[in-house]
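# Observations on the three-dimensional arrangement
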Amino acid sequence: MLYIKCPYCGLRAQKEFSYGGDATVKRPNINEEVSSEDWDNFVYMRKSPRGKHIELWQHIAGCRQWIKVQRDTATHEIFQTAKVTEEIR
Amino acid sequence: MSQPFRLNKEGLINRNKKISFIFNGKKLFGYEGDTIASALIANGIHLVGRSFKYHRPRGFFGAGVEEPNAKLQVEFNGHSEPNVNATEMELVEGLSATSQNCWPSVNFDIGAINNFLKMFFPAGFYYKTFMWPKSFWYKIYEPFIRKAAGLGVASIEKDKERYEHKFEYCDLLVTGSGPSGLASAYAAAKNGAKVILAEDKPRFGGTLLTDDVSIDNLSGKDWAEKIISELKSMPNVTVKNRSQVFGYYDHNMLVMFERVSDHLEKKSKFTPRQRLWYIRAKETILSTGSIERPIVFGNNDTPGIFLSAAAKEYMKVYGVLVGKKPLIFTNNDSAYETALEFKKNNVEPIILDTREEHSSELIDEAKSKGIDIRFSHGVIVANGYKKVKSAKIGKLNKDKNSFEKIETVDCDCICVSGFWTPSVHLASQSGNKLKYEEKIDAFIPNKKKQHETSVGAANGSFTLEESLKNGFENGSNLSAKITDTKTEIAIPNVNEKKYGAHDKFWCMPLPKNENPKRFVDFQNDVSVSDIEIALREGYRSIEHVKRYTTLGMATDQGRTSNLNGLQLVSNIENKIVPEVGHTTFRPPFTPITIGTIVGREVGMEYMPTRKTPMHEWHEKNNAVFVDAGAWKRPRYYKQGNETLFEASKREAKNVRENVGICDVTTLGKIDIKGPDAAEFLNRVYTNAWMKLPIGKARYGLMLREDGIVMDDGTTTRISENHYHMTTTTAQAANVLSHLEYYLQIVWPELNVNVVSTTEQWAGAAIAGPKSRDMLSKLYPDLDVSNDALPFMGYKEADFFGVPSRIFRISFSGELAYEINVKSDHGMFMWEKMMELGKEFGNQPYGTEALSTLRIEMGHVAGPELDGRTIPSDVSLNGLVSKKKDFIGKNSLGREAFNVESRQKIVGLIPIDRKSSIPEGSHIVQDQNAKLPNPKLGHVSSSCWSVENNNPFSLAIMKDGKNMIGKKFFAVSPLKNKSIEVEVISSHYVDPEGKRVRS
Ligand SMILES: [Zn+2]
């Protein structure tokens, strides 16, 4: 079971969180024209990297904040966590 | 009552407390502190089981977790448990143990005929023999295999014991209380670290209890006791015996299995039997020690053959002799300690040493004590069927591949030592990439992936001095990094015997024309020839050899067989061991009970139960409940001998004719507040929300970004910046996360807050033509006329002294209202409604009637909104705004969503107006068509229409709207039914929706 550092609550067990997918995907702006290619990329196309991956998790059984987690998909090592308003590089 | 093999004084058992127990029907006794194994050996009993495949007689081989043979069916404390390790299970009064895998008895086992037919049971036997015909599997092969190759028998009784889970956090977890473990724990504790020290056995100290050493002028045992009592007195230290750390998971999470009370004769009702610990450790010290490995020789599985260290442990810990005429068969010095221990107890051993004559501290001591040592010697084959009687021994030639001399010597036990294998299971589980250490012919931890450090014998350091130094240093350094404190500890003076080099010899050759079985894996009956066959048949990867021969796959995980198996493969393949590699170690290290894994999550505690505030009333009024997620909802209220069908029909009919009330507390409720709330709803829902007046409700539809319908429900504007959203019971949690996602990540600029209020409100729906009359009784001072409270209207009003919310919304399609009061007042509200509704014919109705009402109205719910439908599929495109943007809008333009033949919701009625159509049925044109019969759609919801008194179903059907009036078949292979149906509109009752507005 992973040990995830919520930027608001501190280190908590994985079972308090739910997974939310790739955090680098940006939704096209509302009320703006978007090409169907861009839209399809946003809805469907995801990378499945082996290695570092920045992803979203929600602390559902805690503060309910969505957070960013940089995790190695092969080893599960977590390098960094951040608020969604912060950058992970 | 005499115990012929019990020594007079030796051992750590409590001789003041006798314990009686039963083995295979015979009453015996042992002492407190005995294991089943030590007590049986004290009574001279060695034959305890039959082997897995050949049903060969088997005895004890080890004295702890390494034991491959002695697995018993044990009954104690009122339960029966299979595969209990006799070398670990402590004796308790009244315990009864029986041998497994033998019939009719362990002394006379019919299955032993397999031993004489052994040419039929080579490696891969099961794969080769039980191949075909396929139809034989179920009735002939499987029962045969199960009967012939079973271990113990699992109980079918309910487990009455209590099991617990515990979560713990620490700076340092130390797994094993041998010298290196004690030193690590002590050093870390002195640095102020939070330490957990776990010991699998009942007694702390590991090898210190059996080795002839001294530390700071104390015996090993006394030093261990001193350290343990000091650790126990420290508030930052938790010391646990009978606790096996069996799994190493991600992010330094280790799982430990504690045997809390299996050794107790009496215990309190609330004492758990076993406890599972989830331990999150910042650092882990793996001081799991090492396990002696055997040397392979003929009939090496005969009862009376032991690992040499186990024989010593039986003497020193339990005061028990494994035999009175021992042969010690070794390739190293450690077995000399066993010989010296025998000698000390006036038993004369013979040592067979595979090494050439040489000298070392231990050899010299043995010589000086007059022990018979024969160098360049080994056991070729053990004689005796149910117990060793003698051994054919041989003097090896210089190349150790043939014999210079062969003779037979009498003996009653053989103690064998083929050197030591570090227990690297936990390190390997943690992801550590092991390396092969030539010096000790074994794998040791090398490249770590997690915060773990192996010390002492587990790391390949076999001297006490090194182990202690290793332990103190690592314990101190690792903890100092965490606590920022470093306490200097003087490393104690050690007195131990120096060992000479071992012989890399692991398997005895066979003389010409002799072919006794030589076992590598005892528990799975894998012999040298089985592995040879596997390689001859082309298996190369060690993982494949393992699966084909089942080498190391038994419950002992090959603790005594892995390395000999690897040696054998590498010899045949002409490779070195590291090239062959090792198989993967997986948790659990030792078998653990299912009860411990489950813990307290059984019966009512299996999952949380959510009850509405009116639950007790439902119970008292014969409600039959149905699970809706964790919620319990009344499915129907049973009157007399009513069936579900009859009751739901009665309840639904009463709503259509009079009035009924339904507990709708379980609907998800979300409070939405903030100046941008309307804008947010406008983006979340497909329809327009900017102009909803205060005091009005609106039905809304929510999509996922891919255009699929996510949920539906009503949202009411309570005040200027305050909305009350309802969701379906099933989607409540998902919708909340969905809203939070958009507010926190996508549109943080919107000033809106959302919070779940599902638990805060109790809800009741009042539905039926007489609901307004009933409402006016409930609110005598309120104007509830159609003008004052129209469809989709909202009012706050006093309900007999209790604040309440009235929503005029309807799921049943009838004139209906929903009343919400604070949860605490839910029961008051419900009882008042039952009381005042009497004169209108009010009856409660459950989810089954609720379904009937919504299905015949053509209202969609979960079965239609199944994650595959878009709004137009379910006739909700009227709710999709063309003017504004919203979540999922861009996806609705997808080509596949707009083809003419796209699936659509329709209604179905059976041609005979009688046959109910099973939900899940496929709609086909021709019920007799050749398979695969093209599927035109599926039946999503079915009911008995109380309005029209015949069955009615909703279906999702290709090109549905153009199919109206046509006939098809609804086929359910599951129910073996095929029903001719006619397609009609999905709105079967009141298609214009007049009633809700009346
Ligand atoms: Zn949090």
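Residues numbered from 1 in each chain as written. Chains lettered and ligands numbered in written order. Predicted model: local features only at pLDDT ≥ 70, side-chain atom pairs only at ≥ 80, totals over all residues. Heavy atoms only, no water.

We now examine the pattern of salt bridges. Residues and elements named next belong to chain B. Scanning all chains against the criterion turns up 69 salt bridges over all chains. Across the pair lysine 398 and glutamate 356 runs a salt bridge, and its minimum N-O distance is 3.5 Å. A residue pair is termed long-range when its members are at least 10 positions apart, and lysine 398 in the loop between strand 22 (390–396) and strand 23 (403–410) and glutamate 356 in the loop between strand 19 (350–353) and helix 9 (361–368) qualify at 42 residues. Through salt bridges with shared partners, a single ionic network connects Arg162, Glu164, Lys240, Glu258 and Arg275. (Salt bridge = Lys/Arg side-chain N within 4 Å of Asp/Glu carboxyl O. Helix = DSSP H or I, 4+ residues; strand = E, 2+ residues; numbered from the N terminus.)

Attention shifts here to the sheet that holds strand 22 of chain B. Residues and elements named next belong to chain B. Ordered by their spatial adjacency, three strands build an open sheet running 21-22-23, and the pairing between neighbours is antiparallel. Only two strands of the sheet have a single neighbouring strand rather than two, namely strand 21 (377–383) and strand 23. Going across the sheet, the axis of each strand differs from the next one's by a mean of 25°, ignoring polarity. Pairing between strand 22 and strand 23: seven bridges, direction antiparallel. Note that in strand 23 the partner of glycine 394 across the bridge is isoleucine 406. (Pairing = 2+ DSSP bridges. Axes fitted to C-alpha atoms, helices over the stretch in contact; angles between N-to-C directions.)

Assigned domains of chain B: these are domain 1 (1–154), domain 2 (163–290 + 422–495), domain 3 (294–418), domain 4 (513–592), domain 5 (668–841) and domain 6 (853–882 + 897–997). Of note, the centres of domain 2 of chain B and domain 5 of chain B, computed from C-alpha atoms alone, are 58 Å apart. (Domains from an automatic or database assignment.)

This part covers the side chain of glutamate 705 of chain B. For glutamate 705 of chain B, the location among the structural elements is in the loop between strand 36 (697–703) and strand 37 (709–719). Separated by 3.0 Å, the side chain of glutamate 705 of chain B and the backbone nitrogen of glycine 888 of chain B make a polar contact. Setting aside anything within four residues of it in sequence, one finds glutamate 705 of chain B in contact with Arg27, Trp39, Phe42 and Val43 of chain A together with Tyr742, Ile887, Gly888 and Ser891 of chain B. (Polar contact = N/O pair within 3.5 Å; in protein donor to acceptor, adjacent residues only side chain to side chain. Contact = heavy atoms within 4.5 Å.)

What follows is about the coordination of the zinc ion. Residue and element names in this part refer to chain A. Taken together, the protein donors to the zinc ion comprise Cys6 (SG), Cys9 (SG), His59 (ND1) and Cys63 (SG), at separations of 2.0 to 2.3 Å. The site at the zinc ion holds four donor atoms, and with the angles between them running 105 to 115°, its shape is tetrahedral. Each donor residue of the zinc ion belongs to the same chain, and together they define the spacing C-x2-C-x49-H-x3-C. With relative accessibility at 27%, the residue cysteine 9 sits in the partly exposed group. (Donors = N, O, S within 2.8 Å, 3.2 Å for Na, K, Ca; no water. Tetrahedral: all angles 85-135°; square planar, octahedral: opposite > 155°, others 65-115°. Buried < 20%, exposed > 50% of the residue type's maximum accessible area, 1.4 Å probe, protein only.)

With that out of the way, let us pick up the pairing of strand 21 of chain B. The buried fraction of strand 21 of chain B is high, at six of seven residues. Hairpin connection from strand 21 of chain B to strand 22 of chain B: six residues lie between these consecutive antiparallel strands, with glycine 384 of chain B at a positive phi of about 115°.

Residue and element names in this part refer to chain B. For the pair helix 5 (residues 179–190) and helix 6 (residues 220–232), the least separation of the axes is 10 Å and the interaxial angle reads 35°. Crossing handedness for the pair helix 5 and helix 6: left-handed. Facing Leu182, Ala185, Tyr186, Ala189 and Lys190 of helix 5, the residues of helix 6 in contact are Trp223, Ala224, Ile227, Ile228, Glu230 and Leu231. (Left-handed = near helix turned anticlockwise from the far one by under 90°.)

Take empty space enclosed by the protein next. All names here are of chain B. Evaluation of the coordinates by the stated rule reveals eight cavities of 30 Å³ or more. Considering the residues around the largest cavity, the lining is formed by 18 residues, among which Thr421, Gly558, Asn562, Leu563 and Phe585 are closest to the centre. In terms of residue count, helix 14 (residues 562–573) provides more of the lining of the largest cavity than any other element does, three residues in total. Residue-level mapping places the lining of the largest cavity at the junction of two domains, with at least three residues from each of domain 2 (163–290 + 422–495) and domain 4 (513–592). (1 Å grid on protein atoms, 1.4 Å probe; cavity = no way out; pocket = protein on both sides within 12 Å on 5 of 7 lines; lining within 4 Å. Points joined across faces, edges and corners; volume = space filled by probe spheres on them.)

Turning our attention to the nonpolar core. Residue and element names in this part refer to chain B. Counting 84 residues, the largest nonpolar core has Tyr314, Leu327 and Ile414 as its most contacted members. Per-domain counts for this core show at least three residues from each of domain 1 (1–154) and domain 3 (294–418). Excluding residues that lie within four positions of it along the chain, tyrosine 314 makes contacts with Ala37, Ser38, Ile41, Gly62, Ala63, Thr87, Phe306, Gly319, Val320 and Val322. Of all hydrophobic cores here, the second largest spans 30 residues; its members include Leu172, Ala193, Ala224 and Met234. (Core = buried A, V, L, I, M, F, W, Y, C linked by side-chain atoms within 4.5 Å.)

Right, let's get into the interface of chain A and chain B. Buried accessible area, meaning the area lost when the parts come together, often serves as the stated size of an interface. At the interface, 26 residues of chain A touch 28 residues of chain B. Taken together, both faces of the contact between chain A and chain B bury some 2,300 Å²; the carbon and sulfur share is 55%. Remark: the boundary between chain A and chain B carries two salt bridges. Arginine 27 of chain A is paired through a salt bridge with glutamate 705 of chain B; the nearest N and O atoms lie 2.3 Å apart. Our count for the chain A to chain B interface comes out at 14 residue pairs in polar contact (both at pLDDT 80 or more). The element contributing the most residues to the side of chain A that touches chain B is helix 1 (residues 36–43) of chain A, with three residues. For the side of chain A that touches chain B, the per-class residue count stands at 15 nonpolar, six polar and five charged. (Buried area = accessible area lost by both parts, 1.4 Å probe. Nonpolar A, V, L, I, M, F, W, Y, C, P; charged D, E, K, R; others polar.)

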